[in-house]
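Take a look at the letters that make up each chain.
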Amino acid sequence: MCKTAGSCQGCLHYVFDYETPKTLVIPNIRVGCVFRFTQLLVVLYVVGYVCVVQKAYQDTDSVISTVTTKVKGFAFTNTSDIGPHLWDVAEYVIPPQGDHSFFVLTNMVVTPEQTQSRCPELPNPSTTCVDDCDCIEGHSDPRGNGIQTGLCENYSTTVKTCEVLSWCPHEVDTKLPERALMSAAENFTVLIKNSITYPKFNVHRRNILPHINSSYLKMCEFNRTSDPDCPIFRLKHIVAEAGEDFQDMAVKGGILGILIDWSCDLDWWAKKCFPKYSFRRLDNKHPVNNVAPGYNFRFAKYYKKPDGEETRMLIKAFGIRFNVIVFGTGGKFAIVPTIVNLGAALSFLSLLPAVADWFMLTCMKKRDLYSKQKTSYLVEDTESMPMGTTYGTK
């Protein structure tokens, strides 16, 4: 019974005993150096990393952006398919207006004077035939060029294929020009107009800075060292800064990103919140796994002959799509994150005595003496002391 009562009393003391901090002065230079050095590390972390680098005392807001682009330049081509032709911005920028992106035509495969008629399908294992029995009238292959008529016709002197109702003659895109037809596109320029806002702080900015006027825009061109504020970029320089060669990329096309960084400190340098430009190729350019490289699509120009027959010129367009990607975070002083991070810093400092305790208990020779002096218990002596003055030190 006594053993049970003693156990219950011990549990009550464990739960309800009140602990207070105790100051113990240790005249040891090694322990003092460890403690002060740890304090210094915490202060450097809070001041240097949290406050200076991370700016944790600031409230932040993400940028909201709008972008418009305008390309200028022209190129001249002379091919057997379409003859001499001068290409201007109305033809090689597709579509004329894009949402944060624009496409510049650099190479093409042209199939002129297509009409809706009947012609043999292009040869492949599913379209070659020996006689009409191999062709199914009304059958359509999603990867083919039309609807089969049920006839087997001569595609060449040695090959017969199923006839289809389609736009004829069919496009043959296996012979892509090795050099881009519109190699002059490297000298095209693009004006990028970008407006951003931080709605939480009611801050608005443009990449056309206050000192830029119309006469300046007619003369300037972006250069990272000599003219970093100009919003007009030469396509050759954009591709070069992305680590690519324009003429190589123009043959089969690709996707390139124009990155505009609006990360700004809005406390003291709000008026110096300027965009930072960088460029990067976004599509995969793998030296081994190069299946379906580049970027291309098809479009057509439609005409009507004097007799009313509809005809078209089909163009498989290769080129570079430029994606304008705007991002950034604005920061401004706020009392709530300041208090939160100050409290975190104080909590780090409050843990330092535990580090010193660990050092004393593991590394010092007099750790037993330290362990005894670290904790003292106050006990109640009811026999020798009057009521109300019952505490003594053991």
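This text goes with the structure placed above it.
Residues numbered from 1 in each chain as written. Predicted model: local features only at pLDDT ≥ 70, side-chain atom pairs only at ≥ 80, totals over all residues. Heavy atoms only, no water.

Draft legend 1. Just the sheet that holds strand β1 (residues 58-62), in detail. Read across the open sheet, the three strands follow the order β1-β16-β12; overall the sheet is mixed. The sheet is open, and its two borders are formed by β1 and β12 (264-265), each paired with just one other strand. Sheet topology places β1 next to strand β16 (residues 329-333); five bridges connect them, and they run antiparallel. Residue pairing across strands places D59 opposite K332, the latter belonging to β16. (Pairing = 2+ DSSP bridges. Helix = DSSP H or I, 4+ residues; strand = E, 2+ residues; numbered from the N terminus.)

Draft legend 2. The arrangement of the pairing of strand β4 (residues 83-87) in detail. Looking at chain direction, strand β3 (residues 75-79) and β4 are connected through five bridges and run antiparallel. Bridging from a neighbouring strand, N78 pairs with P84 of β4. Counting the residues that bridge the hairpin from β3 to β4 gives three residues.

Draft legend 3. The arrangement of a negative patch on the surface in detail. Taken together, the side chains of D131, D132, D134 and E153 make up a negatively charged region of the molecular surface. Positionally, E153 belongs in strand β6 (residues 147-154). Relative accessible area serves as the criterion here: at 31%, E153 is assigned to the partly exposed category. (Patch = residues over 30% accessible without salt bridge, like charges linked within 9 Å, V, L, I, M, F, W, Y side chains within 5 Å. Areas by Shrake-Rupley, 256 points an atom, 1.4 Å probe, with all protein chains shown as cover. Salt bridge = Lys/Arg side-chain N within 4 Å of Asp/Glu carboxyl O. Lys, Arg positive; Asp, Glu negative; His and termini not counted. Charge placed at Lys NZ, Arg CZ, Asp CG, Glu CD. Buried < 20%, exposed > 50% of the residue type's maximum accessible area, 1.4 Å probe, protein only.)

Draft legend 4. How the structure looks around the state of the cysteines. Under the definition given, this model contains five disulfides. Bridging C220 to C230, the disulfide has an S-S length of 2.0 Å. Because the sign of the S-S torsion sets the handedness, a value of about 65° for the bond joining C220 and C230 places this disulfide among the right-handed ones. Of this pair, C220 sits in the loop between α4 (214-219) and β10 (232-234) while C230 sits in the loop between α4 and β10; the two residues are 10 residues apart in sequence, bridging distant segments of the chain. Here C264 engages in a disulfide with C273; their sulfurs sit 1.9 Å apart. Measuring handedness by torsion sign, the sulfur bridge of C264 and C273 sits at about 75° and is right-handed. (Disulfide = S-S within 2.5 Å.)

Draft legend 5. Spatial organisation of the pairing of strand β8 (residues 189-198). Summarising burial for β8: eight of the 10 residues are buried, a large majority. Looking at chain direction, strand β2 (residues 64-72) and β8 are connected through nine bridges and run antiparallel. Looking at β8, one finds that T66 is bridged to S195. Note: β8 against β10, three bridges, orientation antiparallel. Pairing of T189 across the sheet is with R234, part of β10. Pairing geometry for β8 and strand β9 (residues 203-206), over four bridges, is antiparallel. Among the inter-strand pairings, Y198 is bridged to a residue of β9, identified as V203. Linking β8 to β9, which pair antiparallel, is a turn of four residues; within it N202 sits at a positive phi near 55°.

Draft legend 6. A look at the nonpolar core. Residues Y92, F188, Y198, I238, L256, F279 and F322 are the most contacted members of the largest nonpolar core, which totals 49 residues. Secondary-structure elements contributing two or more residues to this core are β2, β5 (101-120), β8, α5 (235-241), α6 (246-252), β11 (254-261), β13 (276-281) and β15 (310-327). Examining the composition of this core, we find that seven residues originate from one element, β15, more than from any other. Every residue in contact with L256, bar those within four places of it in the chain, is listed here: I238, V239, A242, M249, F279, R280, R281, L282, I320, R321, F322 and N323. (Core = buried A, V, L, I, M, F, W, Y, C linked by side-chain atoms within 4.5 Å. Contact = heavy atoms within 4.5 Å.)

Draft legend 7. A look at unusual backbone geometry. The omega torsion across I94 and P95 is -10°, close enough to zero to call that bond cis. The phi angle at E113 is positive, at roughly 50°, despite the residue not being glycine. Exposure remark for E113: the relative accessible area of 61% places this residue in the exposed category. With a phi close to 55°, N202 is a non-glycine residue in the positive phi region. Tracing the backbone shows N202 in the loop between β8 and β9. Residue classification places N202 among the exposed positions, given a relative accessible area of 59%.

These values are about where atoms sit, not about what they do.
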